[in-house]
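# Descriptive analysis of the structure
Here's the letter readout for the chains.
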Amino acid sequence: MHWTQVVYLEDRMTCVKKLAESPGLTSIPSFYTYTTNPKLDEAVSEDPEDSIPVIDFSLLTSGTPQQRSQAIQELGKACKDWGFFLLINHGVPEKQMEAVIEYIRGFFDLTEEEKREFEGKNLLDPIRCGTSFNTSLENVFFWRDFLKILINPDDHEFQFPNKPAGFREASLDYCKRIREVARELLKAISVSLGLEPCYIEKATNLESGLQVFIANLYPPCPQPELAMGLPPHSDHGLLTLVMQNGIGGLQTLHNGNWVNVNAIPNSFLVNTADQLEILSNGKYKSNVHRAVVNNKATRMSLAIANGPSLETMIRPAPELESKEQAAAYIGMKYKDYMELQQGNQLDGKSCLDRVRAFN
Ligand code: OGA
Ligand code: NI
């Protein structure tokens, strides 16, 4: 074992960035070796006949009635067939997106000691930074550092880290804009399900909905084929909007194959999450995705997970239940669901399995 590995083993709880930066690192410590399901291991390249859907946000908000209804139809199809789409013309300025990514880079560049202030102790602490996903339960670590912040508009006491200076204001402003984009998307998704436009908004108390700000850092990895950035999982909220620093690594599971997500510049990578699957009574299945790593460049991503308010009980819309399709999930308070997901190992859709109804 190389000496850097020995040093690292002693404080493996801290961060992978430090490990990746150790001079002369040519192999990864064994606790980063991730074994994937060989059947699912082939990432398929983009098939032009069956590629990730692209949704034009401007048509949903300011298109002609005909363009709007067509865009809603396409959005519904994207949710049903993929649970994943690229969102273009969303109105969030490119400069603002880039600025937030640069603040995130600055945050991860803080010293270990400075970051320790934001470590957090408990799962629902509003600010937590760390490595992997849930190191207290994991034998295999993921090649990823994170900063996770719970943004709950009802919580006025809330503080966002402000190192580097300006990070707080830029991020909170960004989250507000994302909140609006998500609200519009959820309106269109309601309509696509045959529900009234505000159905999801009302059923989830979206006004007070929780947003989770998840900044991810994936440093270059000397053995990218052995490590995993984030394992296959679905997100716990309704809709997650992801942007990245121009470096790819996200893959989405589609018809049993991993598809590389090649982002269009300035687009959001959007995936549907578990609460939408529950609300839609399984019509829109939450998307399973993962993040792979590379040996060339540091990848950063920012996922804003938009969910119901924490106190709201989420259950299938009665309008989407029928004799043939009874409620497929039991109701659960979003807060409990989130705690369940965050408190376990990240493992596909294992959390959703716990709320499936036995029909
Ligand atoms: C997540 C996630 C993907 C990425 O944070 O839940 O799926 O591209 N991130 O970093
Ligand atoms: Ni995710």
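Residues numbered from 1 in each chain as written. Chains lettered and ligands numbered in written order. Predicted model: local features only at pLDDT ≥ 70, side-chain atom pairs only at ≥ 80, totals over all residues. Heavy atoms only, no water.

- In the annotation of an unreviewed UniProt entry, the entry for the protein chain reads Fe2OG dioxygenase domain-containing protein, and the organism field reads Carya illinoinensis.
- Taken directly from UniProt, the Sequence similarities (unreviewed entry) text for the protein chain runs: "Belongs to the iron/ascorbate-dependent oxidoreductase family." (UniProt positions renumbered as here; feature names shortened; annotations may be inferred.)

## Here we look at the overall build of the protein chain
- In terms of regular secondary structure, the protein chain is built from eleven helices and 15 strands.
- A compact globule built from 359 residues would reach a C-alpha radius of gyration of about 21 Å, and the protein chain, at 20 Å, matches this within 12%.
- A principal-axis box enclosing the C-alpha atoms of the protein chain has dimensions of 65 × 45 × 40 Å.
- Counting over 359 residues, the protein chain shows a buried share of 50%. (Helix = DSSP H or I, 4+ residues; strand = E, 2+ residues; numbered from the N terminus. Rg over C-alpha atoms; globule rule 2.2 N^0.38 Å. Buried < 20%, exposed > 50% of the residue type's maximum accessible area, 1.4 Å probe, protein only.)

## Brief notes about the packing of aromatic side chains
- Under the defined criterion, the tally for this structure stands at 13 aromatic pairs.
- Ring centres 5.2 Å apart and planes at 85° place the aromatic pair Phe160 and Phe167 in the edge-to-face group. An identical accessibility class is assigned to Phe160 and Phe167; each is buried.
- One aromatic cluster is present, formed by Tyr103, Phe107, Phe108, Phe118, Phe160, Phe167 and Phe213 through successive ring pairs.
- Lys148 extends its terminal NZ or CZ atom over the ring of Phe146, reaching a point 5.2 Å from the ring centre. (Phe/Tyr/Trp six-rings, centres within 6.5 Å; stacked < 30°, edge-to-face > 60°. Lys NZ or Arg CZ within 6 Å of the ring centre and 35° of its normal.)

## Some remarks on the site of ligand 1
- Around ligand 1, a shell composed of Ile214, Asn216, Tyr218, Leu230, His233, Asp235, Leu250, His289, Arg299, Ser301 and Ala303 is seen.
- At 2.7 Å, a side-chain N or O of Tyr218 approaches an oxygen atom of ligand 1.
- A distance of 3.1 Å separates an oxygen atom of ligand 1 from a polar side-chain atom of His233.
- Counting only elements with at least two residues in the shell around ligand 1, the list comes to strand E6 (211-218), strand E7 (230-233) and strand E13 (299-306). (Near = heavy atom within 4 Å. Polar contact = N/O pair within 3.5 Å; in protein donor to acceptor, adjacent residues only side chain to side chain.)

## Re the side chain of Arg290
- With respect to the helices and strands, the residue Arg290 is situated in strand E12 (residues 289-291).
- In this structure Arg290 comes out as buried when scored by relative accessible area, which is 5%.
- In this structure the side chain of Arg290 is engaged in a polar contact, spanning 2.7 Å, whose partner is the side chain of Gln251.

## Concerning the coordination of the nickel ion (ligand 2)
- Within the protein, His233 (NE2), Asp235 (OD) and His289 (NE2) serve as the donor atoms for the nickel ion (ligand 2), at 2.1 to 2.2 Å.
- Counting gaps between the donor residues of the nickel ion (ligand 2) yields the pattern H-x1-D-x53-H. Of this pair, Asp235 sits in the loop between E7 and strand E8 (239-244) while His289 sits in strand E12, and the two are 54 residues apart along the sequence. (Donors = N, O, S within 2.8 Å, 3.2 Å for Na, K, Ca; no water.)

## Description of the pairing of strand E10 (residues 257-260)
- Both strand E9 (residues 250-254) and E10 contribute to a ladder of four bridges, which runs antiparallel. Bridging across to E10, Thr252 finds its partner in Val259.
- Counted between consecutive antiparallel strands, the loop separating E9 from E10 contains two residues, among which Asn255 sits at a positive phi close to 50°. (Pairing = 2+ DSSP bridges.)

## Remarks on the UniProt feature "domain: Fe2OG dioxygenase" (unreviewed entry) in the protein chain
- Per the UniProt annotation, the sites labelled "domain: Fe2OG dioxygenase" (unreviewed entry) are residues 208-308.
- Between the first and last C-alpha atoms of residues 208-308 the distance is 7 Å; the span itself is 6% helix and 43% strand.

## Regarding the packing of helix H4 (residues 65-81) against helix H7 (residues 167-192)
- Here H4 crosses H7 at 85°, and the two axes come no closer than 9 Å. By the criterion of interaxial angle, the relationship of H4 to H7 is roughly perpendicular. Only Leu185, Ala188, Ile189, Val191 and Ser192 of H7 make contact with H4, whose side of the interface consists of Ile72, Leu75, Gly76 and Cys79.
- Of the residues that constitute the contact of H4 with H7, the class distribution is seven nonpolar, two polar and no charged. (Axes fitted to C-alpha atoms, helices over the stretch in contact; angles between N-to-C directions. Parallel < 35°, antiparallel > 145°, perpendicular 65-115°, else oblique. Contact = heavy atoms within 4.5 Å. Nonpolar A, V, L, I, M, F, W, Y, C, P; charged D, E, K, R; others polar.)

## Looking at the side chain of Thr252
- Topologically, Thr252 is positioned in strand E9.
- Taking relative accessible area as the criterion, Thr252 reaches 0% and is therefore assigned buried.
- Polar side-chain contacts of Thr252 include one of 2.7 Å to the side chain of Asn287.
- If we skip the residues at most four places from it in the chain, Thr252 touches Ile52, Trp82, Phe84, Asn257, Trp258, Val259, Val261, Asn287, Val288 and His289.

## Quick word on the pattern of salt bridges
- The final tally for this structure, using the stated rule, is 14 salt bridges.
- The shortest N-O distance in the salt bridge between Asp109 and Lys17 comes to 3.2 Å. Here Asp109 is found in the loop between helix H5 (94-108) and helix H6 (112-116), whereas its partner Lys17 is found in helix H2 (residues 16-20), with 92 residues between them in sequence.
- Take Lys17: its relative accessible area is 14%, and that puts it in the buried class.
- Each of Glu277, Lys349, Asp353 and Arg356 takes part in salt bridges that share partners, so that together they form one network. (Salt bridge = Lys/Arg side-chain N within 4 Å of Asp/Glu carboxyl O.)

## A word on the packing of H5 against H7
- For the pair H5 and H7, the least separation of the axes is 10 Å and the interaxial angle reads 135°. Accordingly, the angle class assigned to the pair H5 and H7 is oblique. Once H5 is placed against H7, the crossing between them reads as left-handed. Residue-level contacts link Gln96, Met97, Val100, Tyr103, Ile104 and Phe107 of H5 to Phe167, Ala170, Ser171, Asp173, Tyr174 and Arg177 of H7.
- Split into classes, the residues belonging to the contact of H5 with H7 amount to eight nonpolar, two polar and two charged. (Left-handed = near helix turned anticlockwise from the far one by under 90°.)

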